[in-house]
Amino acid sequence: MAALLYIAARRLLADDRGNGGGLDLIGALISTLGMGGLVYGIVRSAEVGWRDGVTVVSIVAGVVAGLGLIAAFLITQARAAQPLLPLHLFADRIRIGAYLARALFLGAMVSFFFFSTQLMQAALHMTPVAAGLGFLPMTVLTLAASLTLPRLVQRFGNGAVGMLPLSRRVCCGWRRRGRMTAICWR
């Protein structure tokens, strides 16, 4: 798959040499260490439990060090000539909302894939290939949504498209409580 993507990219993408800027090595190091500290603190808890003293200290130290390093990363990005993460991207409210929505979606999706894989293989006794194929419908729907939503946003605007799933959810919630029956889509 990687080889096919490489060949397609060489043929279809325009040759762009960029602006000749350098790599922000300090920013890359600080962000890697910061996220590593956060992940280490959480992963350590799975190995020895949440009540272990070493776990609590490692989680607190990992979170504090991780957050401190992430703060240092943001400070270095504000001062870097060629930042890895240009902070001006966060000046727009709509963009911030999109970033938060994407982060929440990805967090939910990763959790879904992890726990569903456990369910399919351990409880339903599916093979790894069958479990992988079980995710195909969600993958196809996610692809279709990612291709359709930009056109809907252009036509109707962010607010209208964003309200559609929320309004559907509210109506279905009312339906389940017996207040509304005709609006919830089946």
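How each quantity is defined
Residues numbered from 1 in each chain as written. Predicted model: local features only at pLDDT ≥ 70, side-chain atom pairs only at ≥ 80, totals over all residues. Heavy atoms only, no water. Helix = DSSP H or I, 4+ residues; strand = E, 2+ residues; numbered from the N terminus. Buried < 20%, exposed > 50% of the residue type's maximum accessible area, 1.4 Å probe, protein only. Contact = heavy atoms within 4.5 Å. Areas by Shrake-Rupley, 256 points an atom, 1.4 Å probe, with all protein chains shown as cover. pLDDT = per-residue confidence, 0-100. Patch = residues over 30% accessible without salt bridge, like charges linked within 9 Å, V, L, I, M, F, W, Y side chains within 5 Å. Salt bridge = Lys/Arg side-chain N within 4 Å of Asp/Glu carboxyl O. Polar contact = N/O pair within 3.5 Å; in protein donor to acceptor, adjacent residues only side chain to side chain. Expected span 1.5 Å × (residues − 1). Phe/Tyr/Trp six-rings, centres within 6.5 Å; stacked < 30°, edge-to-face > 60°.

Peer 1: Tell me about the overall build of the chain, residues and numbers included.
Peer 2: Check the secondary structure of the chain and you find seven helices and zero strands. In sequence order, the chain lays out its α and β elements as α-α-α-α-α-α-α. Across the 186 residues that make up the chain, the buried fraction comes to 15%. A separation threshold of at least 6 residues defines the contact pool for the chain, and within that pool the share at least 24 residues apart is 43%. Split by element, the accessible area of the chain, about 14,600 Å² in all, is 70% carbon and sulfur.

Peer 1: Any chance you could break down unusual backbone geometry for me, citing the residues and the numbers?
Peer 2: Non-glycine residue His125 carries a positive phi angle of around 55°. Relative to the helices and strands, His125 is located in the loop between α4 (93–123) and α5 (128–134). Classification of His125 as exposed rests on a relative accessible area of 67%.

Peer 1: Go over the environment of Phe135 with me, naming the residues and quoting the values.
Peer 2: On the secondary structure map, Phe135 appears in the loop between α5 and α6 (136–156). For Phe135 and Ser116, which are 19 residues apart along the polypeptide, the C-alpha to C-alpha distance reads 8.9 Å.

Peer 1: Residues and numbers for the confidence of the model for the chain, please.
Peer 2: Averaged over the chain, the pLDDT score is 80; the fraction of residues at 70 or greater is 85%. Mean pLDDT across the elements of the chain ranges from a minimum in helix α7 (residues 158–176), with 68, to a maximum in α5, with 93. Note that pLDDT drops below 50 for residues 179–186; the model gives that stretch 12 contacts with residues more than four away or on any other chain.

Peer 1: Before we move on, could you go through a nonpolar patch on the surface and cite the residues and values that matter?
Peer 2: Taken together, the side chains of Phe90, Ile96, Tyr99 and Leu100 define a hydrophobic patch exposed on the protein surface, amounting to about 350 Å² of accessible area. Summarising the element assignment, Ile96 is placed in helix α4. In this structure Ile96 comes out as partly exposed when scored by relative accessible area, which is 31%.

Peer 1: Account for the side chain of Gln77, with residues named and values stated.
Peer 2: Its location among the elements puts Gln77 in helix α3 (residues 53–79). Reaching out from Gln77, the side chain makes a polar contact with the backbone nitrogen of Leu85 at a distance of 2.9 Å. Apart from the residues lying within four places of it in its own chain, the contact partners of Gln77 are Asp24, Gly27, Pro83, Leu84, Leu85 and Leu87.

Peer 1: Got a sec to walk through the environment of Ile59? Specific residues and values, please.
Peer 2: Mapped onto the fold, Ile59 is located in helix α3. When neighbours within four sequence positions are excluded, Ile59 is seen to be in contact with Gly41, Ile42, Ser45 and Trp50.

Peer 1: Run through helix α2 (residues 25–48), naming residues and quoting values.
Peer 2: Across its 24 residues, α2 extends 34 Å between first and last C-alpha, which sits within 8% of the 34 Å expected from 1.5 Å per residue. Three or more residues of α2 are buried, namely Gly27, Ile30, Ser31, Gly34, Gly37, Leu38, Gly41, Arg44 and Ser45. In the segment just after α2, Gly49 is the residue with positive phi, at about 95°.

Peer 1: How would you explain the environment of Pro86 if you had to name every residue and give the values?
Peer 2: One can find Pro86 in the loop between α3 and α4. Taking the C-alpha atoms as reference, Pro86 lies 9.4 Å from Leu74; in sequence the two are 12 residues apart.

Peer 1: Describe the packing of aromatic side chains, listing the residues and the values that go with them.
Peer 2: Tallied over the entire structure, the rule returns five aromatic pairs. Seen in terms of ring centroids, Phe112 and Phe135 are 5.9 Å apart; in terms of plane orientation they differ by 75°. Their pairing is edge-to-face. Of the two residues, Phe112 sits in helix α4 while Phe135 sits in the loop between α5 and α6, which places them 23 residues apart along the sequence. Overall, the relative accessible area of 37% leaves Phe112 in the partly exposed class. Their ring planes at 75° and their centres at 5.0 Å tell us that Phe114 and Phe115 sit as a pair that is edge-to-face.

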